Amino acid sequence: MVPSLGQWGRKSAEALFCALNFIVFLFLDAVECVLCPVYRFLDSFFEGEASPCYCATQGGESSRGVNGEEGEEEGELSESLYRRENIFREMWFLAFGRKRASFGQEKRLVNGNGGSKGTPVRWSDCGCETCVSWMSNTEQKLHVVVKEPSGAAVSGQGKAPENVIFLHGFLASSSLWTESVFPHLSESGAASYRLFAVDLLGFGKSPKPRDCSYTLKDHLNMIEKSVICPFQLDSFHIVAHSMGCVVAVALASKYETSVKSVTLTAPPYFPSSKRDSSLTVLRRLAEKRLWPPLLFGSSVMSWYEHLGRCICFIVCRNHRTWERILKFITRRSDVHFTVIDLTRHTHHSAWHTMHNVICGGTKLMDGYLETLRRSGAKISIIHGDRDQVVPLECSLSIKARLPDAEINIIRNANHNTVIFGRERDFTRFLGCTWESSSSVRTS
């Protein structure tokens, strides 16, 4: 059968796009390799010591944690950090650079050190008062916004308020919850629950240390240190969005006898074998594609360590300038979600959290979900059917592993509008989940 003109044109367009896609990412591979020695020189010039990168090592370190320990699970470095494909990385004329970098890489793996001692802020990061305010936090705890119950008891019955921990997603902060859920609680809800909105390690107003690999274990330890232990939480609910869902499931698994309910909003989860599972997630969430633009941006920031650092230098280091520009264009003084949250992190914290939590946490998710299934805690899943960041199949896969979980698919909602634009409905759903889970646990 002779293909029609339309079919021929469509196939030609697809072939052209594939060729263009290959050429662009081939070029980016080359630029990444060039930027490696450039940043090594600049770091040495400005800080006296080159920051180690993941350009050199291609295997053999996956079982080594942030302290050089073998098989530390939550403390492991993700294989996606050092096994990202780059055509030019293995070429003979880069061998010398790889040998030099491998020494720094080994040093990072053994000591968990991502930069020079005595320079907590990279020259390429913003050093404004807002961005370095965490350094005045002598206890080095997470920034937590606590909303106490509006009354000492619920409807005068003397019932102690219940605790709820909120975990934000990637490149966000506690303001996700304080500006969407907190203002829309019902009167009874405001009196019945004590809310904790957390800035995860490396984001918002929380510490962003350079000598940290931002593994799942690091995030869990900081939540324990900053929320669970100081506030003596013996029972709690968890609400999470996107990347925060990985941390939430790990936290709920660790405190299976204390957690009452877990609400996962747009959770990233891809069932896969232990081998290469981190790379599988990286390819699924940040596939090397030019279109759509959101996916292209995600792929650049996730696959290219030095290119991502360049973008952070332009955007994050100069966030005050971009903020003023956006305020002028929109004529709005409140640009919190659009600028501040997207820039209040360092490249080091975002890069490692992306790989060690989102990608590296995948191989542990099956075990966590099995623990949750046995715990009897109420599991609720919310996902938009137009989510282009985390596909709907992720939530459906969790539902397949947790048959008792409640799943709510929101029509015409994407990764953000699954919450924003429907804050009242979202908050009302949370209230119903908390109330029903409490009655189930009580019975």
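The structure under discussion appears in the preceding block.
Below is a summary of the structure that appears in this document. (Residues numbered from 1 in each chain as written. Predicted model: local features only at pLDDT ≥ 70, side-chain atom pairs only at ≥ 80, totals over all residues. Heavy atoms only, no water.)

Before going further, it helps to examine the nonpolar core. Ile165 and Leu167 are the most contacted members of the largest nonpolar core, which totals 67 residues. Considering every element that reaches this core, the biggest residue donor is helix 7 (residues 243-254), with nine residues. Here Ile165 is in contact with Phe196, Val198, Val227, Ile228, Leu233, Phe236, His237, Ile238, Val239 and Leu251, once residues within four sequence places are set aside. Ranked by size, the runner-up nonpolar core spans 20 residues in total, among them Trp177, Phe182, Ala413 and Phe429. (Core = buried A, V, L, I, M, F, W, Y, C linked by side-chain atoms within 4.5 Å. Buried < 20%, exposed > 50% of the residue type's maximum accessible area, 1.4 Å probe, protein only. Helix = DSSP H or I, 4+ residues; strand = E, 2+ residues; numbered from the N terminus. Contact = heavy atoms within 4.5 Å.)

Looking now at unusual backbone geometry. For the bond from Trp291 to Pro292, the omega torsion is 0°, close enough to zero to count as cis. Residue Gln140 is not a glycine yet carries a positive backbone phi of 55°. Following the sequence through the fold, Gln140 ends up in the loop between helix 3 (95-111) and strand 1 (144-147). When its relative accessible area of 25% is taken as the criterion, Gln140 is described as partly exposed. One non-glycine residue with positive phi stands out, namely Ala266, at about 55°. Within the secondary structure layout, Ala266 lies in the loop between strand 5 (259-265) and helix 8 (277-285).

Let us look at a nonpolar patch on the surface. On the surface, a cluster of nonpolar side chains totalling about 660 Å² of accessible area is made up of Ile311, Ile314, Val315, Trp322, Ile325, Phe328 and Ile329. Breaking the nonpolar patch down by element, the ones donating at least two residues are helix 10 (305-315) and helix 11 (319-330). Among the structural elements, Ile329 can be located in helix 11. (Patch = residues over 30% accessible without salt bridge, like charges linked within 9 Å, V, L, I, M, F, W, Y side chains within 5 Å. Areas by Shrake-Rupley, 256 points an atom, 1.4 Å probe, with all protein chains shown as cover. Salt bridge = Lys/Arg side-chain N within 4 Å of Asp/Glu carboxyl O.)

Attention now goes to the sheet that holds strand 5. Spatial strand order, 1-3-2-4-5-6-7: seven strands in an open sheet with mixed pairing. In this open sheet, the two edge strands, each paired with only one partner strand, are strand 1 and strand 7 (406-410). The mean inter-strand angle of the sheet, taken between neighbouring strand axes irrespective of direction, is 15°. Alignment of strand 2 (residues 162-167) against strand 3 (residues 193-198), held across six bridges, turns out to be parallel. Note that in strand 3 the partner of Glu162 across the bridge is Tyr193. The sheet strands contacting helix 7 are strand 2, strand 4 (236-241) and strand 5, and the helix crosses strand 4 at an angle near 155°. (Pairing = 2+ DSSP bridges. Axes fitted to C-alpha atoms, helices over the stretch in contact; angles between N-to-C directions.)

Among the secondary structure elements, Ala252 is positioned in helix 7. As for Ala252 and His237, which are separated by 15 residues in sequence, their C-alpha atoms are 8.9 Å apart. When near neighbours in sequence (up to four residues on either side) are disregarded, Ala252 contacts Ile238, Val259, Val262 and Leu372.

Once that is clear, we can look at the pairing of strand 6 (residues 378-384). Most of strand 6 sits inside the fold, with six of its seven residues counted as buried. In this structure, strand 5 lies alongside strand 6, joined through five bridges in parallel fashion. From the neighbouring strand, Ser261 faces strand 6, where its bridge partner is Lys378. On the question of chirality, the crossover connecting strand 6 to the parallel strand 7 by way of helix 15 (residues 393-401) is right-handed. (Right-handed = clockwise from strand over helix to strand, strands pointing away.)

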